[in-house]
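Analysis of the macromolecular model
Residues per chain are reported as follows:
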Amino acid sequence: MTCGAIVINGARHVLHIVHKAFGKLLAPGGHNELEDRHLRDAALRELHEEAGIPPSAVVPPSGFEDVPLDIDVHTIDANPSKDEPAHHHVDFRWVFRLGAEHAVTLQEEEVDGYEWRPFTSAASPTVRSKLALLP
């Protein structure tokens, strides 16, 4: 299970980061850890760790305080170097508005870069369609 943070800035753009592991532009996110009390907490922790944006800098839109914007199920190929068989990931994607402009400070061990993309260019097609419905 993973949790991602869909962060929207004042220009209605979505934060995407380049994960070194995948080489793709994706929303900040990752696996849950023991200290995460709720799924949303994992998304906020990963946002802070990967992009340097603290939980206090974002707020969920009305109606999404306790409900993810999107849930995606996808297949992960086997990774023999980690002794992992092929499996499925369930990704809970939580949406947040950036309360004020905040600098993105990347975690260089895992992240190569970032981009703010318009809703129409969000990496996930299901997220794109749901962002279009937000007021």
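In what follows, the structure referred to is the one given above.
In every chain, residue numbers begin from 1 and rise along the written sequence. Confidence filtering applies because this is a predicted model: local features only for residues at pLDDT of at least 70, side-chain atom pairs given and counted only at 80 or more, and all residues used for totals across whole chains, interfaces and linings. The basis for every side-chain value is the complete set of heavy atoms in the structure, and neither hydrogens nor water enter the calculation.

1. Focus on the layout of surface pockets
Here is the rule: Only protein atoms enter the 1 Å grid used here. Points where a 1.4 Å probe fits but cannot escape make up a cavity, open sets with protein on both sides within 12 Å along at least five of seven lines make up a pocket, and a residue lines them when an atom lies within 4 Å of a point. Grid points are joined across faces, edges and corners, and a volume is the space filled by probe spheres set on the points. Under the DSSP-based scheme used, a helix requires at least four consecutive residues in state H or I and a strand at least two consecutive residues in state E, with every element numbered from the N terminus. Residues are grouped as follows: Ala, Val, Leu, Ile, Met, Phe, Trp, Tyr, Cys and Pro are nonpolar; Asp, Glu, Lys and Arg are charged; all remaining types, including Gly, are polar.
In this model, the largest pocket occupies a volume close to 1200 Å³. Lining the largest pocket we find 42 residues, and of these Thr2, Phe22, Leu26, His74 and His89 sit closest to its centre. Secondary structure elements with two or more residues in the lining of the largest pocket: strand E1 (2-8), strand E2 (13-19), strand E3 (24-26), strand E4 (29-31), helix H1 (39-51), strand E6 (70-76), strand E7 (87-98) and helix H2 (125-131). Considering only residue class, the lining of the largest pocket consists of 14 nonpolar, 14 polar and 14 charged.

2. Topic: H1
The cut-off we apply is this: Given the number of residues in a helix, its expected span is that number minus one, multiplied by 1.5 Å. Each residue gets one of three labels from its accessible area relative to the maximum for its type: buried under 20%, exposed over 50%, partly exposed in between, using a 1.4 Å probe on protein chains only. Only heavy atoms matter for contacts: two residues are in contact if any of them lie within 4.5 Å across the pair.
The end-to-end C-alpha distance of H1, which contains 13 residues, comes to 18 Å, matching closely the 18 Å that a straight helix rising 1.5 Å per residue would cover. Those residues of H1 lying buried are Ala42, Ala43, Leu44, Arg45, Glu46, Leu47, Glu50 and Ala51. On its buried side, H1 packs onto E1, E2, E4, strand E5 (58-59), E7 and strand E8 (111-118). The first or second residue beyond H1 is Gly52, which carries a positive phi of 75°.

3. As for the pairing of E7
Two faces, one strand: in a regular strand the side chains alternate between the faces of the sheet. The condition that has to hold: Two strands pair if DSSP finds at least two bridges between them.
In this sheet, E7 lies alongside E1 in parallel orientation, the contact comprising 7 bridges. By the bridge assignment for E7, Val7 is matched with Phe96. Across 2 bridges, E5 lies against E7 in antiparallel orientation. Its bridge partner being in E7, Val58 is matched across the sheet by Leu98.

4. Points about the environment of Leu69
Secondary-structure assignment places Leu69 in the loop between E5 and E6. Each C-alpha atom, one on Leu69 and one on Phe96, is 9.5 Å from the other, the two residues being 27 residues apart in sequence. Discounting residues that sit within four places of it in the chain, Leu69 has contacts with Phe64, Arg93, Trp94, Val95, Val127, Lys130 and Leu131.

5. Side note on the nonpolar core
Basically, it comes down to this: Buried Ala, Val, Leu, Ile, Met, Phe, Trp, Tyr and Cys residues that are joined via side-chain atoms within 4.5 Å together make up what is termed a nonpolar core.
In this structure, Val7, Leu15, Leu47, Ile53, Val58 and Phe96 are the most contacted members of the largest nonpolar core, which totals 19 residues. Of all the secondary-structure elements, those providing two or more residues to this core are E1, E2, H1 and E7. With 5 residues, H1 is the largest single contributor of residues to this core. Apart from the residues lying within four places of it in its own chain, the contact partners of Val58 are Val7, Leu44, Leu47, Ile53, Phe96, Arg97, Leu98 and Gly99. Residues Ile6, Phe64, Leu69 and Val95 belong to the second largest nonpolar core, which totals 11 residues.

6. Re the pattern of salt bridges
The cut-off we apply is this: A side-chain nitrogen of Lys or Arg and a carboxyl oxygen of Asp or Glu constitute a salt bridge if their distance falls within 4 Å.
Evaluation of the coordinates by the stated rule reveals 9 salt bridges. With its nearest N and O atoms 3.3 Å apart, the salt bridge here joins Glu49 to Arg45. Taken together, the residues Glu49 and Arg45, both in helix H1 and 4 residues apart, mark about one turn of the helix. Glu49 gets classed as partly exposed once you look at its relative accessible area, which sits at 34%. We note a salt bridge from Asp70 to Lys130, for which the minimum N-O separation is 2.7 Å. One end of the pair, Asp70, is in strand E6; the other, Lys130, is in helix H2, and 60 residues separate them in sequence. The class of Lys130 is partly exposed, set by a relative accessible area of 30%. If you follow the salt bridges from partner to partner, you end up with Glu33, Asp36, Arg45, Glu46 and Glu49 in one network.

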